[in-house]
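Fold and contact review
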Amino acid sequence: MLKGIIPMTYCFFNQNNVIDGYAMRDQIQIIKNIGSHGVACLGLATEVNKLSFREKKKIIELVADNSGNTLPIVVTISGKNINEYKKLIEVAEYYDPKWIIFQPLLKKNTTDADCYYFFNEIIPKVNNKTLVGIQNAKEYIGVGLNAHHILKLYKKYK
């Protein structure tokens, strides 16, 4: 069970605009040194829809490899389409995350019902030993669920 302080990592880039593995390693070491109960990645608004699939995959790998199996990991997943979500689930599950958080698929004119159907389709793709959550921040990202749909998902997947 996850509990306690679980910092969200920042994605650092070097002067060549490539993910800086050394900075990521140092950041995770600091998170370990301060006694955090886990480490999370890919949940910042500055990263969500700005990173490529390859960059997201790299961050998951860096966080998992540098946590050294001593910190539980949490992975936020977003993508350009359902297949990208599925591929990122596979990457994350390879490293045995304790929690996967889904952000809604961002498409023009997405309705609350569209978000519900998307989450309802993607949640079962995660193995049964991993906690699943959704991000619902309609005010910030423009799409999300209404209270009725949140309750339906909760009742179905609790």
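Let me begin by describing the structure that accompanies this report. Bear in mind the structure is a predicted one, so any value in this text is a computation, not a measurement.

1. So, the packing of aromatic side chains
Summed over the entire model, instances satisfying the criterion amount to six aromatic pairs. Relative to phenylalanine 12, the ring of tyrosine 10 lies with its centre 6.3 Å away and its plane at 35°, an arrangement referred to as tilted. Judged by relative accessible area, which is 34%, phenylalanine 12 ranks as partly exposed. For the ring pair tyrosine 85 and phenylalanine 102, a centre distance of 6.4 Å and an interplane angle of 40° mean the geometry is tilted. Taken as a pair, tyrosine 85 in helix α3 (residues 82-94) and phenylalanine 102 in strand β3 (residues 99-102) lie far apart in primary sequence, 17 residues in all. An identical accessibility class is assigned to tyrosine 85 and phenylalanine 102; each is buried. Aromatic rings pair up to connect Tyr85, Phe102, Phe118 and Phe119 into one cluster.

2. Things to note about the packing of α3 against helix α4 (residues 112-122)
Between two packed helices, both the angle of their axes relative to each other and the distance between the axes serve to describe the pair. Where α3 contacts α4, the axes come no closer than 11 Å and their chain directions differ by 35°. The way α3 lies across α4 gives a crossing that is right-handed. Residues Ile82, Tyr85, Lys86 and Ile89 of α3 form the contact with α4, whose participating residues are Phe118, Glu121 and Ile122. Per-class residue counts for the contact of α3 with α4 are five nonpolar, no polar and two charged.

3. Focus: the pattern of salt bridges
Applying the stated criterion across every chain yields a total of six salt bridges. The salt bridge involving arginine 25 is made with aspartate 26; its shortest N-O contact spans 3.0 Å. We classify arginine 25 as partly exposed; its relative accessible area is 37%. When its relative accessible area of 38% is taken as the criterion, aspartate 26 is described as partly exposed. For lysine 57, the salt bridge is made with glutamate 61, and the minimal N-O distance between the two is 2.5 Å.

The rules behind these values
- Residues numbered from 1 in each chain as written.
- Predicted model: local features only at pLDDT ≥ 70, side-chain atom pairs only at ≥ 80, totals over all residues.
- Heavy atoms only, no water.
- Phe/Tyr/Trp six-rings, centres within 6.5 Å; stacked < 30°, edge-to-face > 60°.
- Buried < 20%, exposed > 50% of the residue type's maximum accessible area, 1.4 Å probe, protein only.
- Helix = DSSP H or I, 4+ residues; strand = E, 2+ residues; numbered from the N terminus.
- Axes fitted to C-alpha atoms, helices over the stretch in contact; angles between N-to-C directions.
- Left-handed = near helix turned anticlockwise from the far one by under 90°.
- Contact = heavy atoms within 4.5 Å.
- Nonpolar A, V, L, I, M, F, W, Y, C, P; charged D, E, K, R; others polar.
- Salt bridge = Lys/Arg side-chain N within 4 Å of Asp/Glu carboxyl O.

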